[in-house]
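Overview (structure and organization)
One-letter residues, chain by chain:
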Amino acid sequence: METITKSCVCLGSQVRSKDEAIRLAGQMLVAAGYIGAPYVDSLFKREAVSNTLLGSGVAIPHGMVDDRHYIHATGIAVVQVPQGVEWKDGQRAHLIVAIAAQSDEHIAVLRRLTRLMQQEGAIDALVRTRSADEIIAALTGTAAPTLAATAPAAAPECEVTWQLDYPNGLHARPATRWVEVAKRHASEVCVIKGGEIADAKSLTALLGLGVVAGDTLRLGASGADARRAVEALLTAVQSLSADEKADAERARLAAEAARKQGALWQAGAEAKRLRGIPASPGLAIGRIVRHVTQALVAADTPGQAIDDGAALEQALEAVKAELSALEADAAKRLGAGEAAIFAAQRELVADVGMLRSAIGEIMRGHGAAWAWQKVLHAQVERQRSLADPLLAARALDLRDAGERVLARLLGVARQSLTLTEPSIVVAEDLTPSDTLQLDMRYVVGLAISSGGPTSHTAILARTLGLPALVAAGEALLSVATGTQAVMDGSGGALYLDCTEDDLVSARAAIERLAAQRAEMETQRYAHATTTDGHTVEVLANITSARQAAAAVEAGAEGVGLMRTEFLFLERDRAPSEDEQFEVYKATLEALGGRPLVIRTLDIGGDKQVAYLDLPKEENPFLGVRGARLLLARPELLRTQLRALYRAAAHGTLSIMFPMITELAEVTALRAECEAVRRALNAPVVPVGIMVEVPAVAVMADQFAAVVDFFSIGTNDLTQYVLAMDRQHPQLAAQADSLSPAVLALIANTARAANAAGVHVGVCGGLAGDPLGARILAGLGVNALSMSAQDVVAVKDVLRGSTMADLKTLAVRALAARSAAEVRAL
C-alpha cells in the first residue's frame, strides 16, 4: 500500500483552526484505510502533551505510541493551508503533514521535510503549488518534482560536476575536509546530489546526503568568490581520492587477513563457543567486563532563553576542546589517520545546522539539554536511515560526539570502566572515544555484539593491537561480568567454561604468538632475505618528510614512491623552485642516506587546479596527465627538475616519471633532465619510469634500454589492463591486481628488466599484500614499496620463504584462470 496517495492530499484548504486541520487529516487517513477512527482521537492526545510544529510553517501531527494498534498501514495525509492556521504560541502552520506510522517507515519522509526546511523557498513552493503530485514527489522522492523543494531556490552562480570515487562513500573524515575548505569562502557553497542539496559548510548536511561511490555530484557556489570557492572545493575533494582509496584498500586487506587467518586456538569439546566476525587478530585470556552505554535522558526544564543558549554554546566549546585533546592523543599513539576520527567528531559538534536547530527549540520555550537531545537524535536517526550500511554505521560517531555535549549540559560525568585485571570488554557497541580511553594496562580484547570489521572500533582495535570480534549477537550480552574467557580475534570466537587444560593450552599459544611478534618487531630493520639468500628491498610510499621518518621507524629501507601532487593542490599558484627544493631536501635528510624515489607531478584534467587552467576532459584518466602534461607544459617540468637536481646533493635521489606510453617521451624527458643537470652542475641521478600503461609493459624490453629503473604501479595498470575502474561500485570486486592478465604483464616487465640489468620495483597496493608480495618476488621484482604499516608483515612473510618456493608460487599464479584462483593458492 502506498504511504501517500492523491486522496490524502487536500490543496487550498480553508480550515480555520488547528483542530479542524488535524481532524480533516485524520478523516482522510480513515477514508483511505490507513487507520481506524479511534486513531484520530490519538492525534489530539499527542497535541495535548507535545508541540508538533516542526518549524518553517510545517506541522507533523501524529498519534500516541500506545495507539499504534489502530494503524492498519503506514500512511501520510497532507493539508495545505495557504492562509495558515495558528498552531502554538502565535506560530502558524501552512503545511500539515499527519503521520500514522506502524514503526519507522516514515523516517525518510521526515528526512526530506527537514531538508526542504533548510532550502530557501522550498516549503513556500509546496504551500503554493496546485499539484498534489508535486507534494507527493517532494515528500517521497518517487519522482523528480518540478518545484523548488528539491533544488536550490536559485541555481548556483558557478558549479562543476564530479563523480565521487571514494570507496567508502562520503563519510565524516573526508567530509570534514570539504567543510573546512567551504568555510574559507564568503560565498554560499553547496553540494547537490540528484534532487537533494546540502550546505557544504555543514557536516551533518553533507553526511545526510548519503553519498556513495559512483554518485554524481554538483559542487556549486553563489557570492563574491563563487568561482574560487568551487575550484578550491573541487581540488580538495579530488586530492582526497588517493588517500580514501588507499585507506579503503588497507582496511579491506586487514579485515580480509583477519578473516582468512583462521583460528589461532581452539578449546576442548566442553567449552562453550560464541561466534562473531573476526575484526582484529590475536589471542587473549581475561575476565568479561561489560561496558554499558550510558543512558542520558534530558527532561524539558526550560530557563531563560538567553541563558540556555549561552549554556549550549559553552558546552559545545568545552567538547570541542575535549575532542582536540583526543585528536592529539590519537595522533601521538596511533597516527594521523586514526586521529582524523576525532577531528571529524569536532566538526560534527561545530555544525552550524545542528546549533541553529537547537537554538530554535530553545527559542520555542524548551530547555537547552532537551533541545540538543532532540536535534541530536534526529540527526542520528537520519544517518542510520541511509541506504549505504557503512555510512549508516557512522551514526555511532555522531552519537558519540553529540552525547559528550549532552553530558556537559546535564552535568553528568561520562562513565569509564575501572579495571584491575586482564579484561575482555564486552559491549553492544563501543564508540571511538570509549575505545581510545580504555585502560590499556588491563584490556586484552574487545567483543562487540553489533557492528562490522570496517567500523571505527575495529580499525582502532587493529591499530592498538587488541584482539577483537564484532557482530557476535545478543548472546554475547548475556555473558556475566567476571566470567573467565578466551578470545580468538583471528577466528572470531569467544570461548566460555574453559577447563584448566584449555587455559594452559591457550597461555602457551599466547606466549608463542608474543614471541613471534617480538621477533618480527626486533627484525623490522633487518633485510627481507629469503631462507636461501635472496634479498628483496622493502620500501615505503609517502607524501611528506614527516612520513619519511615514520617509514624508517617502521622498518622501511627507503622510499620507493614519494608523490608530489600535494605540493600543487589547494593553492592559487604553482609551488616555486625553492619551495619544492626545501621539501625534497627535508625528505632526503629525514631518510639519512636511504634511497628516495620522487615521482614528478602526476596530475591531469580530473583535478581542476585553477592556476593550471587544464581543459575539462571526458575521460581524464586517458587524457593529458602525468608526463604528457609535463611535456606540454615545460615550465612546470623544468621548475620541478631544478628543485630535484638541487636536492640531489643532499641524499640518494632518483627521479621517476608517471604515465609514460612511448619511447619518444622518455627520450624527451631525459634530454630535459640532462639540460637541467648540466646547467646546475648537479650530480647524475637515476631516471626511471612508472609502468602503468599496458603498452610499456608489452614493450618492456625496449624501454629497459633507455631507463635506469622501472616501478610498476599495479593500481592503474590493473584498471587499464582490465578496462575496469577499480572504484566502480559494480566492478570494483573484479578489478583485482592478482588477475593473471595483470600478473603476466608484470612478469614480462620483470623479465625484460632483469635481462637488461635494470632495477624493477612495484609501488602499487599489491606490494603491501603478503600474498601479492610473495608472487611479485617470485616473478623477479627487486623491490616492493608500500604503506609503512605493511612493512613488517611483508618482510616477515618473505623471510619465511625460499626463492624456489616463491618462483613456484608465481608460476602457479600465472597459470591460474582468475584472480580468485590466485587468491586460493
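Below is a short write-up of the structure. A quick note: this is a predicted structure, and the numbers were derived from the prediction, not measured. (Residues numbered from 1 in each chain as written. Predicted model: local features only at pLDDT ≥ 70, side-chain atom pairs only at ≥ 80, totals over all residues. Heavy atoms only, no water.)

A word on the environment of Phe342
Just so we agree on the cut-off: Only DSSP runs of H or I with at least four residues qualify as helices, and only runs of E with at least two residues qualify as strands; both kinds are numbered from the N terminus onward. Throughout, a residue-residue contact means that at least one pair of heavy atoms, one from each residue, lies within 4.5 Å.
Among the structural elements, Phe342 can be located in helix α11 (residues 336-349). Considering only alpha carbons, one finds Phe342 and Ala330, twelve residues apart in sequence, at a separation of 8.3 Å. In this structure Phe342 touches Leu323, Leu326, Glu327, Ala330, Pro432, Ser433 and Leu436, once residues within four positions along its chain are discounted.

Thoughts on the packing of helix α29 (residues 770-778) against helix α31 (residues 803-815)
Geometrically, a packed helix pair is captured by the angle between its two axes and the distance between the axes. Keep this limit in mind: Only the stretch in contact is used when a helix axis is fitted, and all axes are lines through C-alpha atoms; the angle between N-to-C directions ranges over 0 to 180 degrees. Roughly parallel here means an angle under 35 degrees, roughly antiparallel means over 145, roughly perpendicular means 65 to 115, and every remaining angle is called oblique. Think of it as three bins: nonpolar holds Ala, Val, Leu, Ile, Met, Phe, Trp, Tyr, Cys and Pro, charged holds Asp, Glu, Lys and Arg, and polar takes everything else, Gly as well.
For the pair α29 and α31, interaxial distance at closest approach is 7 Å and the crossing angle is 100°. Put simply, α29 runs roughly perpendicular to α31. Residues Leu771, Arg774, Ile775, Ala777 and Gly778 of α29 form the contact with α31, whose own contacting residues are Met803, Leu806, Lys807, Leu809, Ala810 and Ala813. Within the contact of α29 with α31, the residues separate by chemical class into eight nonpolar, one polar and two charged.

Observations regarding the nonpolar core
As a rule of thumb, nonpolar side chains are buried together in soluble globular proteins. Put simply, the rule reads: To form a nonpolar core, buried Ala, Val, Leu, Ile, Met, Phe, Trp, Tyr and Cys residues must be joined to one another through side-chain atoms within 4.5 Å. The classification of residues rests on relative accessible area computed with a 1.4 Å probe and restricted to protein chains. Under 20% of the type maximum is buried, over 50% is exposed, and intermediate values are partly exposed.
The biggest cluster of nonpolar side chains holds 93 residues, and the ones touching the most others in it are Phe657, Ile660, Phe710, Leu743, Ile746, Ile775 and Leu784. Once residues within four sequence positions are removed from consideration, Phe657 is found in contact with Thr600, Leu630, Leu637, Leu641, Leu669, Cys673, Val687, Gly688, Ile689 and Met690. Ranked by size, the runner-up nonpolar core spans 63 residues in total, among them Cys158, Val189, Ala226 and Ala229.

Considerations on the pattern of salt bridges
Worth spelling out the cut-off: Each salt bridge in this description consists of a side-chain nitrogen of Lys or Arg and a carboxyl oxygen of Asp or Glu lying within 4 Å of one another.
Taken as a whole and judged by the stated rule, the model has 35 salt bridges. One salt bridge connects Glu20 with Arg16, and the closest N-O pair in it is separated by 3.7 Å. One salt bridge in this structure joins Arg524 and Glu553, with 2.9 Å as the shortest N-O distance. Of this pair, Arg524 sits in the loop between α19 (500-522) and β18 (528-529) while Glu553 sits in helix α20 (residues 545-553); the two residues are 29 residues apart in sequence, bridging distant segments of the chain. The exposure class of Glu553 is partly exposed, given its relative accessible area of 48%. Three or more residues are tied together by salt bridges with common partners; here these are Glu565, Arg599, Asp602 and Arg625.

Quick word on the environment of Gly286
Along the chain, the position of Gly286 falls in strand β12 (residues 283-291). The exposure class of Gly286 is buried, given its relative accessible area of 4%. In this structure, the C-alpha to C-alpha distance between Gly286 and Val486, residues 200 residues apart in sequence, is 6.6 Å. The contact partners of Gly286, leaving out residues within four places of it in the chain, are Pro422, Ser423, Ile424, Val444, Thr483, Gln484 and Ala485.

Quick notes on helix α27 (residues 714-722)
Taken residue by residue, α27 has Thr714, Leu717, Thr718, Gln719 and Tyr720 as its buried positions. Buried residues along α27 sit against β23 (687-691), α25 (694-698), β24 (709-712), α28 (740-756) and β25 (759-762). With its phi angle positive at about 55°, Ala723 sits one or two positions after the end of α27.

As for the sheet that holds strand β6 (residues 158-163)
What counts, and what does not: Pairing between two strands requires that DSSP report at least two bridges joining them.
One open sheet holds the four strands; their spatial order is β6-β9-β7-β8, and the pairing between them is antiparallel. Unpaired on one side and paired on the other, β6 and β8 (196-199) mark the two borders of the sheet. Looking at each pair of strands side by side, their axes are set apart by 25° on average, direction ignored. With six bridges connecting them, β6 and strand β9 (residues 216-222) associate as antiparallel partners. Residue pairing for β9: Trp162 is matched across the bridge by Leu217.

A word on the pairing of β24
The alternating pattern of β24 places Phe709 and Ser711 on one face and Phe710 and Ile712 on the opposite face, and all of these are buried. In this sheet, β24 lies alongside β23 in parallel orientation, the contact comprising four bridges. Looking at β24, one finds that Met690 is bridged to Ser711. As paired elements, β24 and β25 share four bridges and run parallel to each other. Bridged to Ser711 within β25 is Gly761.

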